[in-house]
Amino acid sequence: MKEYTIAAIPGDGIGTEVINAGVEVLKVLEKHDGGFKLHVKKYDWGSDYYRKHGIMMPEDGRDQIKDVDAIYFGSAGDPEVPDHITLWGLRLNICQPFDQYANVRPARLLPGIEGPLKGVTAYDLDWVIIRENSEGEYAGTGGRVHRDLPEEVGMDVAVFTRVGVERIQRFAMDIASSRPRKHLTLVTKSNAQRHGMVMWDDVFERVKADYPDVTTDKMLVDAMTTRMVLDPKSIDTVVATNLHADVLSDLAAALTGSLGIAPTANLNPERTFPSMFEPIHGSGFDIMGQGISNPIGSLWSAVMMLEHLGEPRAARKLMVAIEHVTAAGDVLSKDLGGNATTKEVTEAICKAICGENT
Ligand code: IPM
Ligand code: MG
């Protein structure tokens, strides 16, 4: 039997609720499938850890998890801790040193879910956004000088390397090539940003020559937001910078009904380091502690984790169970227009896995 070690880092806010739900569902799935065993080890890193120790995770934290098969992450963010500390202290402190440079964000209308776009069906909205996840606007380069004086200067410098740009574009080409539509849209802002973004365009010209089966087009990021709303059907796979894809993926999540369902994979495709799977919704300050968060984003992320581990049968089983529950429509969380609790949605999905209500 195959055995996998998973580092679960629930983190902050609703991250803990949805990761607990995910671990519960994974256990049911493991039992039901019978072909693999999961060893889940929980880590209490995050803002509570920060309040006690002054850091979001231990100094040797990455060493503790470097040999696991996957990381299952909730969120980092707390009303009492500045956002740049929670982000850089935990999520980016794992993502960047573990070179998880490919961030994969599927956006699809699940059965039974009506998005805000009139007349748009699941057939019309089925995208994968590939976000560059190691550099660009999140490189952390820049600084502030003359603090608090009138002449203070603050700079964030986006760093793009040819290696970084080429590897994410090739990764996106591979994803596009594996999908039925085989279409890739390159998103930049190379009219206004005339250095790094123009390099993205140049690299793309070279890369696309190696993928004759993939059709391509290019959009400026502002125009892309309009196209996502007005012509969703024309989009298949998208590749964009760290910040542009961050923004586009929130819009994509809203267009598929709720931020609460959107999953993500932070991949180190070479598998030198473990990859990390997380819902994209964040800590949800407004609903934390109420038990009403939507576990679907975390469960869909678990589907991506199972695919990465090489357990496609279990991944499929979980995705079908999620879709069964959304299609039935009677056990939905508040963000999807229902009134079910996290626990009730989780239980409904566990039942669907076991075939009790299918
Ligand atoms: C995301 C989130 C994060 C990001 C936040 C929580 C820092 O919005 O994963 O999309 O900006 O990367
Ligand atoms: Mg985001």
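**Q** Would you take a moment to explain the pattern of salt bridges for this structure?
**A** Opposite charge on two side chains lets them pair, provided their charged atoms get close. Tallied over the entire structure, the rule returns 23 salt bridges. With a closest N to O distance of 3.6 Å, R131 and D246 form a salt bridge. Separated by 115 residues along the polypeptide, R131 in strand β5 (residues 126-132) and D246 in helix α8 (residues 242-255) bring together distant segments of the chain. Relative accessible area serves as the criterion here: at 23%, D246 is assigned to the partly exposed category. Between E166 and R170 there is a salt bridge, and its shortest N-O distance comes to 3.0 Å. Of the two residues, E166 and R170 both sit in helix α5 (residues 162-178), 4 residues apart, roughly one turn of that helix. The class for E166 is partly exposed, based on a relative accessible area of 27%. On the basis of relative accessible area, R170 is assigned to the partly exposed category, the value being 25%. Overlapping salt bridges bring together D48, R51, D78 and E80 as one network.

**Q** How should I be thinking about the domain arrangement of the protein chain in this particular structure?
**A** Interface size, as often reported, equals the accessible area lost upon joining of the parts. Domains assigned within the protein chain are domain 1 (1-103 + 261-358) and domain 2 (116-255). Measuring from the centre of the C-alpha atoms in domain 1 to the corresponding centre in domain 2 gives 24 Å. With 16 residues of domain 1 at the contact, the number on the domain 2 side is 15 residues. Here domain 1 and domain 2 share an interface that buries about 1200 Å² over both sides, 57% of which is from carbon and sulfur atoms. It is Q96, Y101 and N103 that lose the most area in domain 1 upon contact with domain 2, and together they represent 47% of the buried surface on that side. Between R167 and D99 there is a salt bridge, and its shortest N-O distance comes to 3.0 Å. Taken together, the links from domain 1 to domain 2 amount to 6 residue pairs in polar contact (both at pLDDT 80 or more). Of all the secondary-structure elements, those providing two or more residues to the side of domain 1 that touches domain 2 are α4 (83-95), β4 (102-108) and β11 (263-267). With 5 residues, the top contributor of residues to the side of domain 1 that touches domain 2 is α4.

Quick notes on the rules
Residues numbered from 1 in each chain as written. Chains lettered and ligands numbered in written order. Predicted model: local features only at pLDDT ≥ 70, side-chain atom pairs only at ≥ 80, totals over all residues. Heavy atoms only, no water. Salt bridge = Lys/Arg side-chain N within 4 Å of Asp/Glu carboxyl O. Helix = DSSP H or I, 4+ residues; strand = E, 2+ residues; numbered from the N terminus. Buried < 20%, exposed > 50% of the residue type's maximum accessible area, 1.4 Å probe, protein only. Domains from an automatic or database assignment. Contact = heavy atoms within 4.5 Å. Buried area = accessible area lost by both parts, 1.4 Å probe. Polar contact = N/O pair within 3.5 Å; in protein donor to acceptor, adjacent residues only side chain to side chain.

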